[in-house]
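Architecture and fold: a report
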Amino acid sequence: MSNSSLWSPTSGPGSEATVVEVFSAWLAEQGFECAKLPSHGDYPDIDARHPDGRRLVVEAKGFTRDAGTDLDTGYGQLLRRMKGEPDTAYALVVAGTVVRFAQRVPSEVRSKLGIALYIVDFAGKVELVDGAPL
């Protein structure tokens, strides 16, 4: 794999598609089932449900030329999806290379909003940066 594919916004380890794929697989390992959602329209990147009734709504962001703006958009998308539903949690999942942009919103604010922050690194490892664990 060339270095250029590592930095592609549409494919490779740092892309949003890869972040969604890896995080979805990780959620399945945790017992969640990810709904099949249309790729276009006003839907979260991942809508996952656990057999115990918990739901997780996820926005994912990968590396792009304007990652800062894209991460701001991700927070906005999560805020719009918050409906006060019981047993529903929210997460922003990002490629490890752009986590610094996600951290521009302080962890205290994310905590008050109930948004967990996860990273997916280039090796495909998922890590909770902060927020309530699943």
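Above this text sits the structure in question.
Overview of the structure.

Rules of the game
- Residues numbered from 1 in each chain as written.
- Predicted model: local features only at pLDDT ≥ 70, side-chain atom pairs only at ≥ 80, totals over all residues.
- Heavy atoms only, no water.
- Helix = DSSP H or I, 4+ residues; strand = E, 2+ residues; numbered from the N terminus.
- Rg over C-alpha atoms; globule rule 2.2 N^0.38 Å.
- Buried < 20%, exposed > 50% of the residue type's maximum accessible area, 1.4 Å probe, protein only.
- Contact = heavy atoms within 4.5 Å.
- Areas by Shrake-Rupley, 256 points an atom, 1.4 Å probe, with all protein chains shown as cover.
- Lys, Arg positive; Asp, Glu negative; His and termini not counted.
- Charge placed at Lys NZ, Arg CZ, Asp CG, Glu CD.
- Salt bridge = Lys/Arg side-chain N within 4 Å of Asp/Glu carboxyl O.
- Phe/Tyr/Trp six-rings, centres within 6.5 Å; stacked < 30°, edge-to-face > 60°.
- Expected span 1.5 Å × (residues − 1).
- Pairing = 2+ DSSP bridges.
- Axes fitted to C-alpha atoms, helices over the stretch in contact; angles between N-to-C directions.

1. Description of the overall build of the protein chain
- For the protein chain, the count of helices and strands is five helices and six strands.
- Reading the secondary structure of the protein chain in the N-to-C direction produces α-α-β-β-β-α-β-α-α-β-β.
- A compact globule built from 134 residues should have a C-alpha radius of gyration of about 14 Å, and the protein chain, at 14 Å, falls within 12% of that.
- Counting only residues that meet the buried cut, the protein chain has 40% of its 134 residues in that class.
- When contacts within the protein chain are restricted to residue pairs at least 6 apart in sequence, long-range pairs at least 24 apart make up 51% of them.
- Surface summary for the protein chain: the accessible area is close to 7,400 Å², and the carbon and sulfur share equals 54%.
- Across the protein chain, the 14 positively charged side chains and the 18 negatively charged ones have centroids separated by 3 Å.

2. Some remarks on unusual backbone geometry
- Of note in this structure, Asp87 is not a glycine but carries a positive phi near 60°.
- Inspection of the secondary structure puts Asp87 in the loop between α3 (67–81) and β4 (88–95).

3. Here we look at the pattern of salt bridges
- The full count for this structure, using the stated rule, is eight salt bridges.
- Ionic pairing is found between Arg80 and Asp42, a salt bridge with its closest N-O pair at 3.0 Å. Taken together, the residues span a long stretch of sequence, with Arg80 in helix α3 and Asp42 in the loop between β1 (33–34) and β2 (46–49) at a distance of 38 residues.
- Between Asp42 and Arg81 there is a salt bridge; the shortest N-O distance is 3.1 Å. On the criterion of sequence distance, the pair formed by Asp42 in the loop between β1 and β2 and Arg81 in helix α3 is long-range, its members being 39 residues apart.
- The exposure class assigned to Arg81 is buried, which follows from its relative accessible area of 11%.

4. Structural notes on the packing of aromatic side chains
- Following the criterion strictly, the structure yields three aromatic pairs and no others.
- Between Trp26 and Tyr118 the ring centres are 5.6 Å apart and the planes differ by 55°, which places this aromatic pair in the tilted class. Of this pair, Trp26 sits in helix α2 (residues 16–29) while Tyr118 sits in strand β5 (residues 115–120); the two residues are 92 residues apart in sequence, bridging distant segments of the chain.
- Taken together, the ring pairs connect Phe23, Trp26 and Tyr118 into an aromatic cluster.

5. Points about α2
- With 14 residues, α2 should cover 20 Å at 1.5 Å per step; its first-to-last C-alpha distance of 20 Å lies within 8% of that length.
- Of the surrounding elements, those touching the buried residues of α2 are β1, β2, β3 (55–61), β4, β5 and β6 (126–130).
- Residue Gly31 follows α2 closely and has a positive phi angle near 95°.

6. Concerning the sheet that holds β2
- Overall, mixed pairing links the six strands, which are arranged β1-β2-β3-β4-β5-β6 in an open sheet. Sheet topology places β1 and β6 at the edges, where each strand pairs with a single neighbour.
- For β5 and β6, the ladder comprises four bridges, and the chain directions are antiparallel. Paired with Leu117 across the strands is Asp130, a residue of β6.
- Along the sheet, α3 contacts β3, β4 and β5; its crossing angle with β3, the most-contacted strand, is approximately 160°.

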